[in-house]
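# Coordinates in review
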Amino acid sequence: MNFDWRAAWDSVPRLLDGMLVALQATVLGYLIALVLGLVFALLRRSQQPWVRMPVAVVVEFIRSTPLLVQLFFLFFVLPTIGIEFSPLATGAIGLGVHYATYTSEVYRAGIDGVPPGQWEAATALNLSRRRTWTAVILPQAVPRVVPALANYVIAMFKDTPQLTAITVLEGLSVARSLGAETFRYLEPFTLVGIMYLTMALVMAWLARIVERRFGRVRAV
Amino acid sequence: MSEVPSVSPSSRRQFLRAAGVTVAGALGAVGLTTACSRIDLTAAEGGGDLLERLRVTGQVKVGFANEAPYGFINRDGELTGEAPEVAKEIFRRLGVDDFVPALSDFGSLIPGLRAGLFDVIAAGMYITPPRCEQIIFSDPDYNAPEAFLVPRGNPRGLRTLDDLRAQPGLRVGVLLGAVESGYLDKLGLSDLAVTFPDQASGIDGVLAGRADTLFLTAISLRDALGRRPDAPLEVTEPFVPVIDGVEQYGAGGYGFRPGETRLRDAFNAELHELKRSSRLLEIVRPFGFTEAEMTDLTADQLCRPAA
């Protein structure tokens with residue numbers, strides 16, 4: 001197979017547009033996953049069984065079904081009951097909620113990792129429940145899970161091609177479209193591979209910086 | 001064409017139309033070299049006595065790509081479909097009764113024919129100028145006009161491409177890599193496009209209100225709707241898209257080795273007879289073809305490069 005540089009060059013602008021879409025979906029989705037995951041983790045520790053149980057069911061349900069199935073329901077079924085988001089928003093929500101179930105497990109591990117003495121100390125100091133969480137537990141729990149959380153941003157980024165199913169044309173689907181139009185797959189697929197690699201490496205590098213900055217448990 | 005695994009057969013032929021240049025060019029070159037190593041098939045005037053030889057053996061080898069409804073092996077293991085059924089009838093009239101199917105990749109049909117692996121291509125192959133440089137075609141037995149799949153009652157009043165203009169918020173579903181998205185581009189309407197990965201999700205998209213219509217050939221839409229008879233959708237009257245004053249055809253015919261003009265002409269004569277007697281429509285109707293797909297275009301017209 002010969003590599004046609006001209007065809008490759010011509011496909012760059014459309015591929016970059018696609019990669020921008022992938023990036024938008026990832027950033028939005030990841031924010032949702034970070035926040036919602038923590039909410040899930042905290043609710044699952046609720047002392048009220050009627051809070052704890054339903055959340056556990058929802059988390060396990062989402063975690064154990066394929067992202068593609070969830071995207072399908074969000075995109076094609078929700079509008080029939082009057083809830084409609086744009087394709088990109090649907091994709092970000094789908095990714096975010098799906099990955100929130102993973103990040104909630106990461107947070108859980110972080111929280112479990114806080115030594116019991118810290119809880120006891122908070123009780124001994126008569127800290128309120130809220131203050132125990134915000135001042136004692138979370139500042140110790142979150143930093144230790146930063147590397148694990150950062151992992152998911154790359155995994156999520158590489159899951160964005162699944163958004164093709166809901167008409168979001170990110171990089172890989174643009175490449176497929178180009179291939180179908182020109183019958184040349186080598187150039188768009190090579191380029192899109194390089195683009196994904198580059199962007200994933202940048203994300204990994206940013207994650208390292210975040211990790212170095214926030215990833216250390218301060219001496220309490 | 002295994003490079004495009006996730007696209008359904010009928011959408012695949014859509015972009016084959018657009019991509020005909022590359023395929024026919026590249027594969028034709030392969031076909032040429034293969035043919036040289038075999039017996040010379042095109043020496044005699046008008047292709048010589050191939051028709052006579054077919055009559056003597058009573059056998060014709062038919063190349064097809066497994067692609068419903070154009071040419072496919074049915075559940076009983078028999079070759080059927082729009083193109084094979086028409087070819088069977090014509091060869092029977094020419095005195096050749098035994099129909100030997102030769103399955104091939106769509107992209108290998110032209111080289112295979114040129115290499116003598118089979119005598120005719122019956123795959124509903126679109127007649128395009130680049131392909132005409134590689135093989136000769138019978139006149140087309142169908143033309144595939146476009147149509148819109150719309151909610152029942154056609155609330156947006158879509159009939160032709162012109163109706164897509166000046167409709168605020170209109171969303172037109174097209175298939176990934178299909179020729180229709182190219183039409184929208186050329187009309188400057190690419191902003192309207194909502195790209196679905198396959199026909200099934202396109203239908204779901206219209207049902208869920210994700211797109212106001214799905215834009216595809218009438219044949220594919222009818223075929224799709226036939227599998228979802230419960231859906232409150234309808235297919236609009238088929239139309240031939242006109243872009244910059246040029247009608248866009250998707251007309252399919254039967255391919256013969258270059259030089260086999262005698263066989264091709266004999267085939268054409270019978271094909272014209274089938275058209276005159278309306279027998280053609282009878283044969284292809286079970287495969288979802290209607291009056292709208294019938295055509296009087298000729299291979300010559302379709303082989304001429306677009307101005």
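Residues numbered from 1 in each chain as written. Chains lettered and ligands numbered in written order. Predicted model: local features only at pLDDT ≥ 70, side-chain atom pairs only at ≥ 80, totals over all residues. Heavy atoms only, no water.

## Digging into the overall build of chain A
- Across its full length, chain A holds eight helices and zero strands.
- Secondary structure elements of chain A occur, N-terminal to C-terminal, as α-α-α-α-α-α-α-α.
- Taking the principal axes of the C-alpha coordinates as reference, chain A spans close to 70 × 45 × 25 Å.
- Put simply, chain A has 220 residues, and 41% of those count as buried.
- If you take every contact in chain A between residues at least 6 apart in sequence, the share linking residues at least 24 apart comes to 79%.
- When the accessible surface of chain A is split by element, carbon and sulfur atoms take 68% of a total near 11,900 Å².
- In chain A, which carries 19 positive and 13 negative side-chain charges, the distance between the mean positions of the two groups comes to 14 Å. (Helix = DSSP H or I, 4+ residues; strand = E, 2+ residues; numbered from the N terminus. Buried < 20%, exposed > 50% of the residue type's maximum accessible area, 1.4 Å probe, protein only. Contact = heavy atoms within 4.5 Å. Areas by Shrake-Rupley, 256 points an atom, 1.4 Å probe, with all protein chains shown as cover. Lys, Arg positive; Asp, Glu negative; His and termini not counted. Charge placed at Lys NZ, Arg CZ, Asp CG, Glu CD.)

## Side note on the confidence of the model for chain A
- The predicted model of chain A has a mean per-residue pLDDT of 92, with 96% of residues at 70 or higher.
- At the low end of the mean pLDDT range in chain A sits helix α7 (residues 171-182) of chain A, at 84; at the high end sits helix α4 (residues 87-112) of chain A, at 96. (pLDDT = per-residue confidence, 0-100.)

## Concerning the UniProt feature "domain: Solute-binding protein family 3/N-terminal" (unreviewed entry) in chain B
- Annotation from UniProt places "domain: Solute-binding protein family 3/N-terminal" (unreviewed entry) at residues 59-291 of chain B.
- End C-alpha to end C-alpha, residues 59-291 of chain B measures 32 Å, and it is 30% helix and 25% strand. (UniProt positions renumbered as here; feature names shortened; annotations may be inferred.)

## What to know about the state of the cysteines
Residue and element names in this part refer to chain B.
- Scanning the model with the defined rule gives one disulfide over all chains in all.
- Across the disulfide from Cys132 sits Cys303; the S-S distance is 1.9 Å. The sign of the -70 degrees torsion about the S-S bond sets the Cys132-Cys303 disulfide as left-handed. Here Cys132, found in helix α5 (residues 129-132), pairs with Cys303, found in helix α11 (residues 299-303); they are 171 residues apart in sequence, far enough to count as distant.
- When its relative accessible area of 22% is taken as the criterion, Cys303 is described as partly exposed. (Disulfide = S-S within 2.5 Å.)

## Thoughts on the layout of surface pockets
- The calculated volume of the second largest pocket comes to roughly 640 Å³.
- Lining the second largest pocket are 23 residues, and of these Leu169(A), Val174(A), Ser190(B), Ala193(B) and Thr195(B) lie nearest its centre.
- Secondary-structure elements contributing two or more residues to the lining of the second largest pocket are α1 (5-43) and α7 of chain A together with β9 (172-175), α6 (179-186) and β10 (193-196) of chain B.
- If one sorts the elements of the lining of the second largest pocket by residue count, α1(A) sits on top with four residues.
- Among the residues making up the lining of the second largest pocket, the classes are represented as eleven nonpolar, seven polar and five charged. (1 Å grid on protein atoms, 1.4 Å probe; cavity = no way out; pocket = protein on both sides within 12 Å on 5 of 7 lines; lining within 4 Å. Points joined across faces, edges and corners; volume = space filled by probe spheres on them. Nonpolar A, V, L, I, M, F, W, Y, C, P; charged D, E, K, R; others polar.)

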